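Architecture and fold: a report
Here's the letter readout for the chains.
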Amino acid sequence: MTTTGIGASVRRKEDRRFLLGKGQYTDDLVLADQTYAMFVRSPHAAAVITAIDTAAALAAPDVLAVLTGADVAADGLGGIPCGWLVKSKDGSNMVEPPHPALAQGKVRHVGDPVAMVIATSKAAAKAAAGLVDVDYDVLPAAARLDDAVADGAPRVWDEAPGNVCFDWHIGDPALTDAAFAQAARVIEIDVTNNRVAPNAMEPRAANGHYETATDHYTLYTTSQNPHLTRLLLGAFTLKVSEHKLRVVAPDVGGGFGSKIFHYAEELLVLWASRRVGRPVKWTSDRSEAFLTDAHGRDHHSVAKLAVDASGKFLGLRVHTYANMGAYLSTFAPAVPTYLYATLLSGPYDFPAIYAEVKAIFTNTVAVDAYRGAGRPEASYLLERLVDKAARELGRDPVELRRQNLIQPDQFPYQTQVALQYDIGDYQATLDLALAAIDHAGFPARRAEAAARGKLRGLGISTYIEACGIAPSALVGALGARAGLYEAANVRVHPTGGVTVFTGTHSHGQGHETTFAQLICERLGVSIDNVEVVHGDTDRIPFGMGTYGSRSLAVGGSAIVKALDKIVDKGKKIAAHLLEANVADVEFKDGQYRVVGTDRVKAFGEVAFAAYVPHNYPIETVEPGLEESAFYDPKNFTFPGGTHLVEVEIDPETGVVEVVDVAIADDVGVIVNPMIVDGQAHGGLAQGIGQALLEEAVYDAEGQLLTGSYMSYCMPRAADLPNFKVGNHVTACTHNPLGVKGVGEVGAIGCPPAVINAVLDALAPVGVTDMSMPATPEKVWRAIQAAKKGA
Amino acid sequence: MATVTLKVNGKELTVDCAPRTLLVEALREHLRLTGTHVGCDTSQCGACVVHVDGRSVKSCTMLAVEADGAALTTIEGMAQGGELHPMQAAFKEHHGLQCGFCTPGMIMSSTDLCARSATTPTEGEVRHWLEGNLCRCTGYHNIVKAVRAGADGMRGGK
């Protein structure tokens, strides 16, 4: 290992520009002749638009255009497409309603865009937006999941009876029935996974520029996925050939899933730019973000666990309602199906599983992938259920888990819900985490807390996730309408610098450093001589962006594949220079060497020869040293681990303080330990946020009650402790780096550990259930209710 | 229109703007100092913190005209002669940033805290002080470490 290669905590190359205030985020860009867009959005969750009067807005100072759904229709723009097709268990396709970029006829959630005002200043656009007069005939709304499935609920879409988008299942019902028939005990749980808003700190923005002279479009946008945005713009929404479309996602201030999707505003600024002949920029404010960015989670499930007399798991049966919102966002149908139900085996050896998932339309903004996407919902359900089983069976929750974990000699392990885990060691991470939190010392800490009048609890979660969603053939069979490979191009320059073009996208994950480390390790070049380029469809062969912790496992593997080609081509050049057979040349530590001799050529000499081919095998090898590769994985990767959380509750106020968090994950081979720890920290904060503070709440009429940071409680520095993060490595067996993925482990493993800790703390006062978020009020009320019941 | 005279990062500058213009708008849109960010519309997130006459202020809570005559420091004014400010250096060393969007506000808030303190602030003091700055990436773990190291750095220590 070099000091900057794989395994080194290299300080990040990208930090300098961010620290100097020189990052270039989408809203920082002002194009020549820039204009500004403001949207008029529905104040109602469900209504018929009876009239739109734009005259006053159009007559306002500095206004260039006011556009409505009628203009969208007249210009033939396509609706925002959904990227996954899920079939119901009867074989029918999901209900896939239209999603016009500006509402046509009806609005279906608060924030649904109705009109777009373009003016020469932001202030003028905002003022004029207030002058657009929209008449609505308000309809009853089906806003909350439980309300939308009730008998007689209003329909979000006429074509979706019962508001059902699809009714899907997985697993073997007969096998599961047989397992339950043999059970000594059945444990049942009813859990809700609370709806949350992703809250990247940078609000979404889009700046569209149409060049009349060349008939080309450029979109600057806050995207995790610029090539997919270009693909959808080209094929579905703007309907322009891709060679005329450039999508640039410059520095992006966090994503967490909410910036994967193709949003209407991205289409509309390009279209509006064509109409007004000037670049058009829209920047969301935070309140608009709460109303329009896709939300996450929002499941309601009932699950049953069958166990034998010894506590061995026999079977699992799950029924889930998943909220889709009013429209189907890009990945939405995949989240509660292929990313959720396929993870219901968790890290456990389950002989039988059957799960049914009903996806439900509601009059709310779309629900789609958010950090972990489906995996947190599976982990939360399972880990709450296993903890409940331990309590009902009188077993230690650690030991019950240990008894049922998949053993190291059981890999590869075929689950009952489609996935095959390639490798793992769940006992090792369990032991590491227990040692880190001093599990043995917990009873003394609990007693000490009790002496201070505090209730102390320890919560555990053992979890698994699936990252690097793939391979393309499998996801295609499962309903994906795009491939899920990754592309890379490695360009070695004549004097030794290297530029890597990757189809993944960094919005905080540190790719510019981690990917450079791969080059440094493999080619022996200095890390300062490597530049990583991402986020621009004109510069990069292709890409599928960054989400689902896929960047290193899929994108990094594509880079490695391109590097293999570079090394091989260099070998041919070196063999010529060294007057040896190619088969006798090896590449190691940055040098080509004739095996067993001291005859060497440094990588830099070979690169130079490739571009200055004076003494060169020109008949058999092309000049230049640049290679591209596309990598399509054989399988998902499966990180897993144990999260332990210790809390203290003040029974007088209901405040839950997280006093300690110790986690041990197996994320595969670690390229940059500092960055891996940082990713785990961020996920933990979001997991604790969901468990204790955060919830996106709609009232029965579909008004969002938590539409700003005044009412949506984000985790702050004082809400969190330091985190103890450990790792145990088993290398992924099917990608060349052995990596698995880390970005989501905290958000997946942590929430059930927090709630299990809260319930452990509250057990002595008789509280047996707690939903997320465990706010002080909710905890206090639970304590009071238990006291009354006692 | 109002004319506002400011000393920004050591330079005398004049901004002609509508009286309702927020200080953050004057910085970002009139002076093109885009290191100061806007992450919310309720003054909760702290991405827009700058120093006004040496004290940290959320520049979205102040009108540009209120800052008339003031000396401002923004993130662009922290590094001197190509050298990172000790707080900036500490954030890099301790991986106190990921996407970088909240970072300018974090640096400006933290340097004010550490300039006010005679000693290195405790972890609890740092966490309490940062209640007005939201970060969604780091979980604050490394930010807290960075701020304490930056405090040492500002006093010339290690």
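Residues numbered from 1 in each chain as written. Chains lettered and ligands numbered in written order. Predicted model: local features only at pLDDT ≥ 70, side-chain atom pairs only at ≥ 80, totals over all residues. Heavy atoms only, no water.

**Topic: the overall build of chain B**
Keep this limit in mind: In this text, helices come from DSSP runs of H or I with a minimum length of four residues, and strands from runs of E with a minimum of two, each type numbered from the N-terminal end. When we talk radius of gyration, it's over C-alpha atoms, and the globule rule is simply 2.2 Å times the number of residues to the 0.38. Three exposure classes are used, based on accessible area relative to the maximum for each residue type with a 1.4 Å probe and protein chains only: buried under 20%, partly exposed in between, and exposed over 50%. When checking whether two residues touch, look at their non-hydrogen atoms; a contact exists if any pair is within 4.5 Å. Residue burial considers only the protein chains on display, and all accessible areas are found by Shrake-Rupley using a 1.4 Å probe. Asp and Glu are treated as the negative residues and Lys and Arg as the positive ones, with His and the ends of the chain left uncounted. Charge positions come from single atoms, namely NZ of Lys, CZ of Arg, CG of Asp or CD of Glu.
Along its length, chain B carries five helices and five strands. For chain B, the succession of helices and strands along the chain, N to C, is β-β-α-β-β-β-α-α-α-α. At 15 Å, chain B has a C-alpha radius of gyration in line with the 15 Å of a compact globule built from 158 residues. For chain B, the spread of C-alpha atoms along the three principal axes comes to 45 × 30 × 25 Å. Among the 158 residues that make up chain B, the fraction classed as buried is 58%. Considering only intrachain contacts with a sequence separation of at least 6, the fraction spanning at least 24 residues in chain B is 59%. For chain B, the computed accessible surface area is about 6100 Å², with 49% contributed by carbon and sulfur atoms. Of the charged side chains in chain B, 15 are positive and 16 negative, and the gap between their average positions amounts to 6 Å.

**So, the environment of A553 of chain A**
Residues and elements named next belong to chain A. Counting through the fold element by element, A553 comes out in helix 16 (residues 551-577). Between the C-alpha atom of A553 and that of S310, which follows or precedes it by 243 residues, the distance is 39 Å. Other than its neighbours up to four places away in sequence, A553 contacts Y631, T637, N735, V739 and K740.

**Re the pairing of strand 21 (residues 530-533) of chain A**
Heads up, the condition is: DSSP calls a pair of strands paired once it identifies at least 2 bridges connecting them.
With four bridges connecting them, strand 20 (residues 498-502) of chain A and strand 21 of chain A associate as parallel partners. Paired with T499 of chain A across the strands is E531 of chain A, a residue of strand 21 of chain A.

**Notes on helix 17 (residues 603-611) of chain A**
Residue and element names in this part refer to chain A. For clarity, the threshold we go by: To obtain the arc, one takes the directions from the helix axis to the C-beta atoms.
Considered for burial, the residues of helix 17 that qualify are F603, V606, A607, A609 and A610. Projected down its long axis, helix 17 carries its buried residues within an arc of 160°, all on one side. Of the surrounding secondary structure, the elements contacted by the buried residues of helix 17 are strand 19 (486-492), helix 15 (511-523), helix 16, strand 22 (585-588), strand 23 (591-594) and strand 24 (600-602).

**Examining the sheet that holds strand 18 (residues 455-464) of chain A**
Residues and elements named next belong to chain A. Condition: The axes used here are C-alpha line fits, helices contributing only the stretch in contact, and every angle between their N-to-C directions lies in the interval 0 to 180 degrees.
Overall, mixed pairing links the four strands, which are arranged 18-26-27-28 in an open sheet. Only two strands of the sheet have a single partner each, and these edge strands are strand 18 and strand 28 (723-727). Sheet twist, expressed as the average angle between the axes of neighbouring strands with direction ignored, equals 15°. Pairing between strand 26 (residues 640-649) and strand 27 (residues 656-666): ten bridges, direction antiparallel. Paired with V647 across the strands is V658, a residue of strand 27. Packing against the sheet, helix 19 (residues 745-762) makes contact with strand 18, strand 26 and strand 27, and its axis sits at approximately 145° to strand 18.

**Focus on the interface of chain A and chain B**
Selection rule: As a working definition, buried area equals the accessible area (1.4 Å probe) given up by two parts on being put together, with both sides summed. Any Lys or Arg side-chain nitrogen located within 4 Å of an Asp or Glu carboxyl oxygen qualifies as a salt bridge. Polar contact criterion, stated in full: a pair of N or O atoms within 3.5 Å, where within protein one must be able to donate a hydrogen and the other to accept it, and residues adjacent in sequence count only if both atoms are side-chain atoms.
In this complex, chain A contributes 55 residues to the contact, which on the side of chain B involves 46 residues. Summed over both partners, the interface of chain A with chain B buries about 4200 Å², with 54% contributed by carbon and sulfur atoms. For chain A, the biggest contributors to the area lost against chain B are L19, M201 and R716 of chain A; these three give 18% of the whole. At the boundary of chain A and chain B, one finds five salt bridges. The salt bridge partner of R28 of chain B is D28 of chain A, with a shortest N-O separation of 2.8 Å. Where chain A packs against chain B, one counts 30 residue pairs in polar contact (both at pLDDT 80 or more). Secondary-structure elements contributing two or more residues to the side of chain A that touches chain B are helix 1 (15-19), helix 4 (122-129), helix 9 (286-292) and helix 18 (673-692) of chain A.

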